[in-house]
Amino acid sequence: MAIVSISRRTARSVRILGVVSASAALALGASGNALACSIGDFSATAKCDGGKGAIVVTDVDRSGTSAHISLFLENNGVEKLVGEQDVRGSARGASVTFAEDWQPGATYRIHVKAGGTLVDEDIKPNLTTPATACAPATPSTPASPSQSATPTPTPSDAASASSPATPVPTPSAAQSSTAAAAAPASNAPSAAAGQSNLAETGADSHTGLIAGIAAALVVVGGGAVFFGLRRRGAGSGR
């Protein structure tokens, strides 16, 4: 009887251990699957960067598995490889950007390969770009010059600007020539004055001088005659 009871207890213990082990295995498996890289960790979007198109692929894989991204442009069943980049995911998300000047409504296929054979498939669905193209970047407007660049007028400049200098009159050519001609005429006797003197004296301004010379000659001549006669009388008396 004792042997039988021990066997039952042992069997019960083994069963309990088995259930616990199975639960732990399931939990570890679930957590491992949750941390494993999958295609659901990847997403893609078309954006505009500085007026030019760009396609951004984001990886939110918490395990940090390195992945290789290939971008293809599909055009009427024909694919063209645009570019390839590597990315290592993180809980916050890691992104790679493809500079692609995409056209509105274009279709792109993004293939992801990570962890050997862990992930080897495309992001579903394919990426379709927006219906509106990227607008070109607007050139920046140059800054207007500051007011400090304008020179500030000094008080003297302001005074001179407010009260303009009185212009000095400049004589015209006709006035200058008239003044020059009138200057010598003021010093010389006028024609009317000359005619007035002639009317009063009967001769010009040299009449007095000539009369004085004539009187002197008469006196000299008379004296000579007087002395000549006196000498002649003395000679005859001898």
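For the structure, check the block above.
Residues numbered from 1 in each chain as written. Predicted model: local features only at pLDDT ≥ 70, side-chain atom pairs only at ≥ 80, totals over all residues. Heavy atoms only, no water.

Visitor: Give a detailed account of the pattern of salt bridges, specifying residues and quantitative values.
Guide: What the rule picks out here adds up to 2 salt bridges. We note a salt bridge from Arg 109 to Glu 79, for which the minimum N-O separation is 2.6 Å. A residue pair is termed long-range when its members are at least 10 positions apart, and Arg 109 in strand 6 (residues 107-114) and Glu 79 in strand 4 (residues 78-88) qualify at 30 residues. Judged by its relative accessible area of 16%, Arg 109 is buried. Classification of Glu 79 as partly exposed rests on a relative accessible area of 37%. Put simply, Glu 79, Arg 109 and Asp 122 are held in one network by salt bridges that share partners. (Salt bridge = Lys/Arg side-chain N within 4 Å of Asp/Glu carboxyl O. Helix = DSSP H or I, 4+ residues; strand = E, 2+ residues; numbered from the N terminus. Buried < 20%, exposed > 50% of the residue type's maximum accessible area, 1.4 Å probe, protein only.)

Visitor: I'd like to hear about the state of the cysteines, residue by residue, with values.
Guide: Applying the stated criterion to the full structure yields 1 disulfide. There is a disulfide in this structure between Cys 48 and Cys 134, and the S-S distance comes to 2.0 Å. With the S-S bond torsion at -85°, the cross-link from Cys 48 to Cys 134 turns out left-handed. Of this pair, Cys 48 sits in strand 1 (residues 42-49) while Cys 134 sits in the loop between strand 8 (127-128) and helix 2 (155-162), and the two are 86 residues apart along the sequence. Classification of Cys 48 as partly exposed rests on a relative accessible area of 45%. The class of Cys 134 is buried, set by a relative accessible area of 16%. (Disulfide = S-S within 2.5 Å.)

Visitor: Help me get a handle on the packing of aromatic side chains, residues and values and all.
Guide: Considering all chains together, one arrives at 0 aromatic pairs under this definition. Against the face of Phe 72 rests Arg 109, its NZ or CZ located 4.4 Å from the ring centre. (Phe/Tyr/Trp six-rings, centres within 6.5 Å; stacked < 30°, edge-to-face > 60°. Lys NZ or Arg CZ within 6 Å of the ring centre and 35° of its normal.)

Visitor: Any details on the sheet that holds strand 5 (residues 94-99)? Residues and values, ideally.
Guide: Overall, antiparallel pairing links the 3 strands, which are arranged 1-2-5 in an open sheet. On the outer flanks of this sheet lie strand 1 and strand 5, each paired with one strand and no other. With direction set aside, neighbouring strand axes in the sheet form an average angle of 25°. (Pairing = 2+ DSSP bridges. Axes fitted to C-alpha atoms, helices over the stretch in contact; angles between N-to-C directions.)

Visitor: For a nonpolar patch on the surface, give the residues involved together with the corresponding values.
Guide: Together, Leu 209, Ile 213 and Leu 217 make up an exposed nonpolar region whose accessible area comes to about 330 Å². Along the chain, the position of Ile 213 falls in helix 5 (residues 207-237). (Patch = residues over 30% accessible without salt bridge, like charges linked within 9 Å, V, L, I, M, F, W, Y side chains within 5 Å. Areas by Shrake-Rupley, 256 points an atom, 1.4 Å probe, with all protein chains shown as cover.)

Visitor: How would you explain the nonpolar core if you had to name every residue and give the values?
Guide: Judged by nonpolar contacts, the single largest core of 22 residues is most densely connected at Phe 42 and Ile 69. Here this core gets 4 residues from one element, more than from any other, and that element is strand 6. Residues in contact with Phe 42, not counting those within four places in the same chain, are Cys 37, Thr 58, Asp 59, Ala 67, Ile 69, Val 87, Val 112 and Ile 123. (Core = buried A, V, L, I, M, F, W, Y, C linked by side-chain atoms within 4.5 Å. Contact = heavy atoms within 4.5 Å.)

Visitor: Explain the pairing of strand 1 residue by residue, including any values.
Guide: Bridge analysis of strand 1 against strand 2 (residues 52-59) gives 8 bridges, and the strand direction is antiparallel. Within the sheet, the bridge partner assigned to Ala 44 lies in strand 2 and is Val 57. Count of turn residues in the strand 1/strand 2 antiparallel hairpin: 2 residues, of which Gly 50 carries a positive phi of about 65°.

Visitor: Can you tell me about the side chain of Asp 59, naming the residues and giving the values?
Guide: If you trace the backbone, Asp 59 turns up in strand 2. A polar atom in the side chain of Asp 59 sits 3.1 Å from the backbone nitrogen of Gly 89. Those residues in contact with Asp 59 that lie beyond four places of it in its chain are Asp 41, Phe 42, Thr 65, Val 87, Arg 88, Gly 89, Ser 90, Gly 93 and Ala 94. (Polar contact = N/O pair within 3.5 Å; in protein donor to acceptor, adjacent residues only side chain to side chain.)

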